[in-house]
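Single-letter residue listing:
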Amino acid sequence: MLRLNNIAPYFLVFFVLLVSCADKTAKQNVINKKEVEESLMKVNKKMVKSEDEQIEDFITRYSWEMKKTGTGLRYMIYKHGSGALAAKGQVAKVNFIVSLLNGEVCYSSDAEGPKEFQIGKGGVESGLEEGILLLKTGDRVKFIIPSHLAFGLLGDTGKIPAKAALVYDIELVELK
């Protein structure tokens, strides 16, 4: 029969090795987590750059002279209205056509009726909210909304696919 005195040194060595290995595993997880975050950042930057290039190619193809906001929203007001400037808290009523960069129409007010939303309350794409604040009643505008300001990585689970930049043709019909 084994005595505890004979097992104690082996137990101590086993315990030290176990703690030592656990400590190395924890350090490796920290390093791996940091490496993963850096890799994801690189991939994200490449995706944003690629989408930005696609948008710029689209603009060049149509010879549009668009302005760009700090968030990446592009816009071109091609018909100026004479109404009031949009402001947060107002309800905007818009006629619209939403299409992909390849020209495929996803949604339109012709099929679905005008869209109404309260500016600043969410419920619509953040790029649309940002863009509406640039308009006066009666303005007609083209927006190009990058995916991060539209429906992002998932799309809308309807007609807009994942990671899709959107082209909006908007008429700001009314502000209430």
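So, a few notes on the structure that sits alongside this text. (Residues numbered from 1 in each chain as written. Predicted model: local features only at pLDDT ≥ 70, side-chain atom pairs only at ≥ 80, totals over all residues. Heavy atoms only, no water.)

## Focus on a nonpolar patch on the surface
For clarity, the cut-off: Patches were defined on residues exceeding 30% relative accessible area and lacking a salt bridge, with like-charge contacts within 9 Å and nonpolar side-chain contacts (Val, Leu, Ile, Met, Phe, Trp, Tyr) within 5 Å. In this description, accessible areas are obtained by the Shrake-Rupley approach with a 1.4 Å probe, and a residue is regarded as covered only by the protein chains that are shown. A pair is scored as a salt bridge if a Lys or Arg side-chain nitrogen falls within 4 Å of a carboxyl oxygen belonging to Asp or Glu. Only DSSP runs of H or I covering at least 4 residues are called helices, and only runs of E covering at least 2 are called strands; the numbering of each starts at the N terminus.
On the surface, a nonpolar cluster with roughly 420 Å² of combined accessible area is contributed by Val43, Met47, Leu153 and Leu154. The residue Leu154 is located in the loop between strand S6 (140-145) and strand S7 (166-175) in this model.

## Here's the deal with the pairing of S6
Within a regular beta strand, the side chains point alternately toward one face of the sheet and then the other, so they alternate between its two faces. What counts is decided by this rule: Only protein chains enter the accessibility calculation, which uses a 1.4 Å probe; a residue is then buried when its area is under 20% of its type maximum, exposed when over 50%, and partly exposed in between. A pair of strands counts as paired when DSSP detects no fewer than two bridges linking them.
S6 sits mainly inside the fold: five of its six residues count as buried. Looking at chain direction, strand S2 (residues 74-79) and S6 are connected through five bridges and run antiparallel. Counterpart to Tyr75 in the pairing with S6 is Phe143. In this sheet, S7 lies alongside S6 in antiparallel orientation, the contact comprising six bridges. The residue of S7 that forms the bridge with Val141 is Ile170.

## Things to note about the nonpolar core
Threshold: To qualify as a nonpolar core, a set must consist of buried Ala, Val, Leu, Ile, Met, Phe, Trp, Tyr and Cys residues joined through side-chain atoms within 4.5 Å. Contacts between residues were defined by any pair of non-hydrogen atoms, one from each residue, lying within 4.5 Å.
Ranked by internal contacts, the top residues of the largest apolar core, which has 28 residues, are Leu128, Ile132, Phe143 and Ile170. For this core, the secondary-structure elements that each account for two or more residues are strand S3 (91-100), strand S4 (105-108), helix H3 (126-132), S6 and S7. Contact partners of Ile132, with chain neighbours within four places excluded, come to Ala86, Ala92, Val94, Phe117, Ile119, Phe143 and Ile170. Counting 10 residues, the second-largest nonpolar core is a separate cluster that includes Phe58, Trp64, Ile144 and Val167.

## Overview of the packing of aromatic side chains
As a reminder, the rule being used: Here is the rule: rings of Phe, Tyr and Trp (six-membered ring for Trp) pair when centre to centre is within 6.5 Å. Planes less than 30 degrees apart are stacked, more than 60 are edge-to-face, and the remainder are tilted.
All chains considered together, the criterion is met by three aromatic pairs. Between the aromatic rings of Phe58 and Tyr62, the centroid separation amounts to 4.8 Å while the plane-to-plane angle is 50 degrees, which identifies the pairing as tilted. Of this pair, Phe58 and Tyr62 both sit in helix H1 (residues 4-62), four residues apart, which is roughly one turn of that helix. On the basis of relative accessibility, which here comes to 4%, the residue Phe58 falls in the buried class. A relative accessible area of 44% means that Tyr62 is categorised as partly exposed. Measuring from ring centre to ring centre gives 5.4 Å for Phe58 and Trp64, while their planes differ by 80 degrees; the resulting arrangement is edge-to-face. Residue Phe58 shares its accessibility class with Trp64, and that shared class is buried. Counting every residue linked through ring pairs, the aromatic cluster contains Phe58, Tyr62 and Trp64.

## Quick notes on the pattern of salt bridges
Under the criterion given, the structure shown has six salt bridges. Note that Glu56 is salt-bridged to Arg74, the shortest N-O span being 2.9 Å. Taken together, the positions of Glu56 in helix H1 and Arg74 in strand S2 put the pair 18 residues apart, joining distant regions of the chain. A salt bridge links Asp169 to Lys142, with the nearest nitrogen and oxygen atoms 2.8 Å apart.

## Focus on the side chain of Asp169
Selection criterion: Under the rule applied, a polar contact is a pair of N or O atoms within 3.5 Å (in protein, one hydrogen donor and one hydrogen acceptor; residues adjacent in sequence only if both atoms are side-chain atoms).
Along the chain, the position of Asp169 falls in strand S7. A polar side-chain atom of Asp169 sits 2.6 Å from a polar atom in the side chain of Tyr78. In this view, Asp169 contacts Tyr78, Asn95, Phe96, Ile97, Arg140, Val141 and Lys142; residues no more than four positions away in its chain are not counted.

Nothing here speaks to function; it is geometry throughout.
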